[in-house]
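Examining the three-dimensional arrangement
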Amino acid sequence: MRSDNRLPGWAAALIGLVTGAVAVGVSLPAAGLVKASAFPVVAVGDAAVDLAPAGLKDFAIRTFGENDKPVLLAGILAVMAALAVAVGVFAARDLRYGLAGLAAFGAVGVAAVLTRPGAGPADVIPTVAGVAAGAIALRALLRRASAARPDDARPEEIRSDDARPEKTRPGDAHPKETGLGDARPEETGPPVMRAGRDRYAVNRRGLLTGVLGGAAVAGVSGLAGRALTSRSEVSAARAGLVLPRPAAPAEPIPAGADLRIRGLTPFVTPGRDFYRVDTAIVVPQVDPRDWTLRIGGMVDRPVELTLADLLKRPLVEADVTLCCVSNPVGGPYAGNARWLGARLADVLRDAGVRSGADMLLSTSADGWTCGTPLDVVLDGREALLAVAMNGEALPVDHGFPVRQVVPGLYGYVSATKWVTEIKVTRFDRDTAYWTTRGWAEKGPVKTQSRIDLPRDGARVPPGRTVIAGVAWAQHRGVDAVEVRIDGGSWRRARLAEAPTADTWRQWVVDDWDAVRGRHTIEVRATDATGHTQTAQRAPVMPDGATGLHTVTVTVA
Ligand SMILES: Nc1nc2c(c(=O)[nH]1)N[C@H]1C(S)=C(S)[C@@H](COP(=O)(O)O)O[C@H]1N2
Ligand SMILES: [Mo]
């Protein structure tokens, strides 16, 4: 169906965009019915995350922080919009080109969807439905926009700026066949607009109603899709989960753990403020009734636990500070919570770990993998299969229903969220998600300290000024924090209490007499092994940043 480029570019572009919107809109409720990860836009995003070079991801985390995913999705939508415009422009030349473009679009979506972990054939349904709806929309829009016969209007009605459809009387039309398109006598439409030279023509009313119709279809199905995808039985199940009492409760958090200084990071991080780092664009929705954890590999008795099985075990409460290897010096990717869970070591002992194993390869519901040093998990620390955070079932973002928590290791080698499988194996046989991308195999947390107050770049009045922050060296414990101003001598900060060596510690210097001018403040921590943080700067890649957090303030 050649249309001889009768549509001006803007109309073709608009048609392309509406086509794209219809395709995406229709695929969403289909994904709501099949499964959220079968939504092609998200699948393409997830695939892009997995395929992106580690350096780029690191850059994204550093640059966009926790907004890296919205930024990625916005980027994908922008690329899709550009491709949709191209589909419209090509379709205006020849519908077949546009359909081929749509099909190519769909092929990328299908490829992305099918390569997602746990994908089945049904997962292509949303993409196929979207592409089919897009094809129908494209055809209909082109027809509407160009169906009016360019030659059935009298020349004086053809103006570039003013269409007056009401003047058209069917009887006045004198169609002449010029070969320009498929004008059929039974179609009575408004006169056609010709922009500029007579080469382009568009039926504005047809285009407008078509666009509105397309937008309505996209909007309604998009809303229906949202309702379907967020109709989360998982959040209902989460709300209904009854947490057993811990067999080994933690002591109440000592009053002295939180200095209660305004602007200082609180000792316990509420779930909603807890940093989030993962590769999932849409977090896995794991129904606790279907969840199981399989433990296999180098074990005598492979086991499969249900959530009920796990909750029957004696549960332990532990305060543990988690942090991310991608946290730059002074950065925000650390949080502290009270976790409740089963001891991973006990579960492994029941399975019978064979000699020679040195690594746990854990896998999450979305296929992410993590390699954890086995000796660390078995050395008596509170390495947990956690089901709760701060007295509540894990938030979905933080791994509901079950995640790993291992004090002293960065999250990428220990803290698998939505964990469904643990394989006992060896470092020389298996690799995990981030280690195949250049990050270190073992990720012990480096001793770190951060200045929260005053903020970098702050203006503060002269006089007594509080300097405060947090420091961490999980499982070793923080023994000392020192602060120095303008490169002077180090002065000891007062440390808040810490219930165990597994959490961060608040610290404060409250006797700084700030005088006018610009000042730099540096901090360093010493852990209980006697190791003092190095001033030597290292990037986050491959095993965590080093260097001293430094802030500059103006006293005026
Ligand atoms: N399934 C899954 N678990 C994961 C990750 C992930 O990408 N997928 N990221 C890990 C990393 S790098 C970190 S730092 C912690 C962060 O946990 P949080 O998001 O609960 O703070 O989760 C870990 N667990
Ligand atoms: Mo991380």
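Residues numbered from 1 in each chain as written. Chains lettered and ligands numbered in written order. Predicted model: local features only at pLDDT ≥ 70, side-chain atom pairs only at ≥ 80, totals over all residues. Heavy atoms only, no water.

**Remarks on empty space enclosed by the protein**
Our working definition: Using a grid of 1 Å spacing that covers the protein atoms alone, one calls a set of points a cavity when a 1.4 Å probe fits there but cannot get out, and a pocket when the set is open and has protein on both sides within 12 Å along at least five of seven lines; lining residues are those with an atom within 4 Å of a point. Grid points are joined across faces, edges and corners, and a volume is the space filled by probe spheres set on the points. Each domain's extent is set by a domain assignment, obtained either automatically or from a database.
This structure, assessed with the given rule, holds three cavities of 30 Å³ or more. Considered as a void within the structure, the largest cavity measures approximately 80 Å³ in volume. If you trace the largest cavity, you find it lined by Cys323, Cys324, Val325, Asn327, Pro328, Val329, Tyr410, Gln448, Trp472, Gly544 and Ala545. Shared between two domains, the lining of the largest cavity takes at least three residues from each, and those domains are domain 2 (255-437) and domain 3 (448-555).

**Notes on the packing of helix H2 (residues 40-51) against helix H5 (residues 95-114)**
What counts is decided by this rule: With axes taken as lines fitted to C-alpha atoms, and helix axes fitted only over the stretch in contact, angles between N-to-C directions fall between 0 and 180 degrees. Helix and strand assignments come from DSSP, with helices taken as H or I runs of at least 4 residues and strands as E runs of at least 2, each series counted from the N terminus. Every angle not falling under 35 degrees, over 145, or within 65 to 115 is termed oblique; those three ranges are roughly parallel, roughly antiparallel and roughly perpendicular. Crossing handedness is defined as follows: a turn of the near helix away from the far one that is anticlockwise and smaller than a right angle gives a left-handed crossing, while the clockwise case is right-handed. In what follows, residue pairs with any heavy atoms lying within 4.5 Å of each other are defined as contacts. Each residue is assigned to one class: nonpolar for Ala, Val, Leu, Ile, Met, Phe, Trp, Tyr, Cys and Pro, charged for Asp, Glu, Lys and Arg, and polar for all the others, Gly among them.
Running from amino to carboxyl end, H2 crosses H5 at an angle of 65°, the nearest separation of the two axes being 8 Å. By the angle class used here, H2 and H5 are roughly perpendicular. H5 is crossed by H2, and the crossing has left-handed handedness. Only Val108, Gly109, Ala112 and Val113 of H5 make contact with H2, whose side of the interface consists of Pro40, Ala43, Val44 and Ala47. When grouped by side-chain class, the residues that make up the contact of H2 with H5 number seven nonpolar, one polar and no charged.

**Concerning unusual backbone geometry**
For the bond from Phe400 to Pro401, the omega torsion is 5°, close enough to zero to count as cis. For Pro401, the position within the fold is in the loop between strand E8 (392-393) and strand E9 (403-405). Cis peptide bonds are those with omega within 30 degrees of zero, and the linkage from Leu453 to Pro454 qualifies with -10°. Summarising the element assignment, Pro454 is placed in the loop between strand E11 (448-453) and strand E12 (459-460). At Arg260, a position not held by glycine, the phi torsion is positive, near 50°.

**Some thoughts on the environment of Pro70**
Position of Pro70 relative to the elements: it lies in helix H4 (residues 68-93). In this structure, the C-alpha to C-alpha distance between Pro70 and Ile281, residues 211 residues apart in sequence, is 8.3 Å.

**Some thoughts on the UniProt feature "transmembrane region" (unreviewed entry) in the protein chain**
Just so we agree on the cut-off: UniProt positions are given in the numbering used here, feature names are shortened, and annotations may be inferred rather than shown by experiment.
Cross-referencing UniProt, the feature "transmembrane region" (unreviewed entry) maps to residues 71-92, 99-118, 124-142 and 207-228 in the present numbering. End C-alpha to end C-alpha, residues 99-118 measures 30 Å, and it is 80% helix and 0% strand. Between the end C-alpha atoms of residues 124-142 the distance is 27 Å, and the span holds 95% helix and 0% strand.

**Considerations on the pairing of strand E5 (residues 359-364)**
For clarity, the cut-off: Burial here depends on accessible area, computed with a 1.4 Å probe over protein chains only, as a share of the maximum for the residue type. Under 20% is buried, over 50% is exposed, and the range in between is partly exposed. Paired strands are those between which DSSP finds at least two bridges.
Counting buried residues along E5, six of its six residues qualify, which places the element largely inside the surrounding structure. The two faces of E5 match: Met359, Leu361 and Thr363 on one face and Leu360, Ser362 and Ser364 on the other face are all buried. Across five bridges, the pairing between E5 and strand E6 (residues 369-373) is antiparallel. Residue pairing across strands places Met359 opposite Pro373, the latter belonging to E6. Counting the residues in the hairpin turn of E5 and E6 gives four residues, including Gly367, whose phi is positive at 90°.

**Comments concerning the layout of surface pockets**
Of the volumes computed, that of the largest pocket is approximately 910 Å³. As for the largest pocket, its lining consists of 37 residues, and the residues nearest its centre are Lys35, Ala36, Ser37, Pro284 and Gln285. Broken down by secondary-structure element, the contributors of at least two residues to the lining of the largest pocket are helix H1 (9-33), H2, helix H7 (204-230) and helix H8 (233-240). Residue classes in the lining of the largest pocket are distributed as 18 nonpolar, nine polar and ten charged. Both of domain 1 (9-147 + 200-230) and domain 2 (255-437) provide at least three residues apiece to the lining of the largest pocket.

**Structural notes on H4**
Stated precisely, the cut-off is as follows: Multiply 1.5 Å by the residue count of a helix minus one, and that product is the helix's expected span.
For H4, with 26 residues, the first-to-last C-alpha span of 38 Å sits near the 38 Å given by 1.5 Å per residue. Taken residue by residue, H4 has Asp68, Lys69, Ile76, Met80, Ala84, Val87, Gly88, Ala91 and Ala92 as its buried positions.

**Regarding the packing of aromatic side chains**
Rule in force here: In this scheme Phe, Tyr and Trp rings, the latter by its six-membered ring, pair at centre separations within 6.5 Å, and the angle between planes marks the pair as stacked below 30 degrees, edge-to-face above 60, and tilted otherwise. Whether a charge lies above a ring is judged from NZ of Lys or CZ of Arg, which has to be within 6 Å of the ring centre and within 35 degrees of the ring normal.
For the structure on display, the rule yields eight aromatic pairs. Between Tyr275 and Tyr333, the ring centres sit 6.1 Å apart and the planes meet at 45°, which makes this aromatic pair tilted. On the criterion of sequence distance, the pair formed by Tyr275 in the loop between H8 and strand E1 (292-297) and Tyr333 in the loop between strand E3 (315-323) and strand E4 (334-343) is long-range, its members being 58 residues apart. Taking the centre distance of 5.0 Å and the plane angle of 80° together, the rings of Tyr433 and Trp434 count as edge-to-face. Tyr433 sits in the buried class, given a relative accessible area of 8%. You can call Trp434 buried: its relative accessible area is 14%. Ring-pair connections join several aromatic residues into one group, and the members of that group are Trp368, Tyr412, Tyr433, Trp434 and Trp439. In this structure, Arg437 is placed above the aromatic ring of Tyr433, and the distance from its NZ or CZ to the ring centre is 3.8 Å.

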